[in-house]
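# Structure at a glance
Here is what each chain is made of, one letter per residue.
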Protein chains: 2
Amino acid sequence: MATTPAHEAQKLFFEIGMVQRARAGAALGELGLGFAQAHALRMLDPDEPMPMSALAERLFCDASNVTGLVDRLEARGLVERRSAANDRRVKALSLTRAGVALRDQVLAVMSEPPEAIAALPAADQRALRDILARAVENLRATA
Amino acid sequence: MATTPAHEAQKLFFEIGMVQRARAGAALGELGLGFAQAHALRMLDPDEPMPMSALAERLFCDASNVTGLVDRLEARGLVERRSAANDRRVKALSLTRAGVALRDQVLAVMSEPPEAIAALPAADQRALRDILARAVENLRATA
DNA sequence: GCAAAAGGTTGAGGTTGTCAAATACCTATC
DNA sequence: GATAGGTATTTGACAACCTCAACCTTTTGC
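Owing to the predicted nature of the structure, the values given are computational and were not obtained by experimental measurement. Along each chain, residues carry numbers from 1 onward, in the same order as the chain's sequence is written. Chains and ligands are labelled sequentially in the order written, the chains with letters from A and the ligands with numbers from 1. Given that the model is predicted, a residue must reach a pLDDT of at least 70 before its local features are reported, and side-chain atom pairs must reach 80 or more before they are shown or counted; all residues, however, enter totals for whole chains, interfaces and linings.

What follows deals with the pairing of strand S3 (residues 91-95) of chain B. All names here are of chain B. A pair of strands is considered paired only if DSSP assigns at least 2 bridges between the two. Only runs of H or I of at least four residues qualify as helices and only runs of E of at least two qualify as strands under DSSP, and these elements are numbered from the N terminus. In this sheet, S3 lies alongside strand S1 (residues 50-51) in antiparallel orientation, the contact comprising 2 bridges. Looking at the pairing, Met50 lines up with Leu93 of S3. Alignment of strand S2 (residues 79-83) against S3, held across 5 bridges, turns out to be antiparallel. When the sheet's bridge partners are listed, Arg81 is paired in S3 with Leu93.

See the structure below:
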């Protein structure tokens, strides 16, 4: 069983992630959103309508799943489906005014650092941010 | 909108977490496990039987949910329910031989660092591990 | 003893996710 | 310009996951 620093980091990362997910889930529940719906809202661009298929890619899930997700968001008046002019197969998703407002609340909840991170010394927080920024850069380069 | 280093770190953390979850989900699917079942397996101690209620706490979910989760694990012969001798209300969960073996595979999958982290310089990996270790310590102190 | 509390299950109901098939539309080709 | 094949989305079937309220059994405190 190899336990490199990367492996140890990964386990810790995971543990914090699970706690954070539970905490965020509770806060999102109070906004009347499930985790998936909130994540979908977060991924939509308030300025630029996005095809369903693009949303499915960003959510790493099946397109048919997005249909249901968007059904619920649309039923609550948060997003609108509009057929694209140039290709009538695609439905472009745009946020309503209410959608933008709720999305802002979601962003606030989801970017609220959990206890574990909030309690770190300032130097650790900065170092963490910098390292994770490099990690995300790797992510984009690979994808 | 306050964007402190902790907030920025949190957003990055979240982004990596989502990718990692998708990746792990696929690998776990090949083991025939959903994410929740895998997580439950991970939480069980191979040496020390654990009451259902304790598992529910560790999973941050309702006890009735654990019933279903354990039903499925038991149906596959991975865990056993056994009534505790001193208190016949509690059912102690113990892993079968097959359960221990599969749990090991789950641990391997879940602690495999994602691309993003694996590609970091060694110094960053060590620093990340150290910072997250301090963060988890905060977590336990608070809880 | 007996009421209250604790551990677990059950049933109803909603969300989330997958897959396969259907629909509607676009595009290239003969 | 008809037709074959590909793409975007939806639908339906089905399973996993999750919560809540109600229930049964056992334990505990009085």
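As a further point, take the protein's contact with DNA strand C. Residues in close proximity to DNA strand C total 24 residues, the closest being Gly34, Ala36 and Asp62 of chain A together with Ser53 and Ser64 of chain B. Residue assignment for the surface near DNA strand C shows that the elements contributing at least two residues are helix H2 (35-43) and helix H4 (63-75) of chain A together with helix H3 (52-59) and helix H4 (63-75) of chain B. Counting residues per element, the surface near DNA strand C draws most heavily on H4 of chain A, at 5 residues. In this count, Pro and Cys sit with the nonpolar residues alongside Ala, Val, Leu, Ile, Met, Phe, Trp and Tyr, while Asp, Glu, Lys and Arg are called charged and the others, Gly among them, polar. Among the residues making up the surface near DNA strand C, the classes are represented as 8 nonpolar, 8 polar and 8 charged. Near residues are defined by distance alone, with the backbone-placed C-beta atom required to lie within 6 Å of the molecule or strand.

Residue and element names in this part refer to chain A. An axis is simply a line fitted to the C-alpha atoms; with a helix, the fit covers only the stretch in contact. Between two such axes, the angle follows the N-to-C directions and lies from 0 to 180 degrees. One can describe the packing of helix H1 (residues 5-30) onto helix H5 (residues 97-110) by two numbers: an axis separation of 10 Å at closest approach and a directional angle of 155°. As summarised for this structure, H1 and H5 are arranged roughly antiparallel, according to the angle between their axes. The handedness of the crossing between H1 and H5 is right-handed. Contacts between H1 and H5 pair Ala24, Ala27 and Leu28 from the former with Val106, Val109 and Met110 from the latter. Residues of the contact of H1 with H5, tallied by class, amount to 6 nonpolar, no polar and no charged. Put simply, angles under 35 degrees are roughly parallel, angles over 145 are roughly antiparallel, angles from 65 to 115 are roughly perpendicular, and the rest are oblique. Left-handed describes a crossing in which the near helix is turned anticlockwise from the far one by less than a right angle; the clockwise case is right-handed. Contacts are defined on C-beta atoms placed from the backbone: any two residues whose C-beta positions lie within 7 Å are in contact.

On to the protein's contact with DNA strand D. Surrounding DNA strand D, one finds 24 residues, the nearest of these being Ser53 and Ser64 of chain A together with Gly34, Ala36 and Ser64 of chain B. Among the elements of the structure, helix H3 (52-59) and H4 of chain A together with helix H2 (35-43) and H4 of chain B are those that each provide at least two residues to the surface near DNA strand D. No other element matches H4 of chain B, which puts 5 residues into the surface near DNA strand D. Within the surface near DNA strand D, the residues separate by chemical class into 8 nonpolar, 8 polar and 8 charged.

The next thing to look at is the interface of chain B and chain A. Note on interface size: it is often stated as the accessible area lost on association of the parts. Listed as interface residues are 41 residues of chain B and, on the opposing side, 41 residues of chain A. Listing elements by their share of the side of chain B that touches chain A, those giving two or more residues are helix H1 (5-30), helix H6 (115-118) and helix H7 (122-142) of chain B. By residue class, the composition of the side of chain B that touches chain A is 25 nonpolar, 7 polar and 9 charged.

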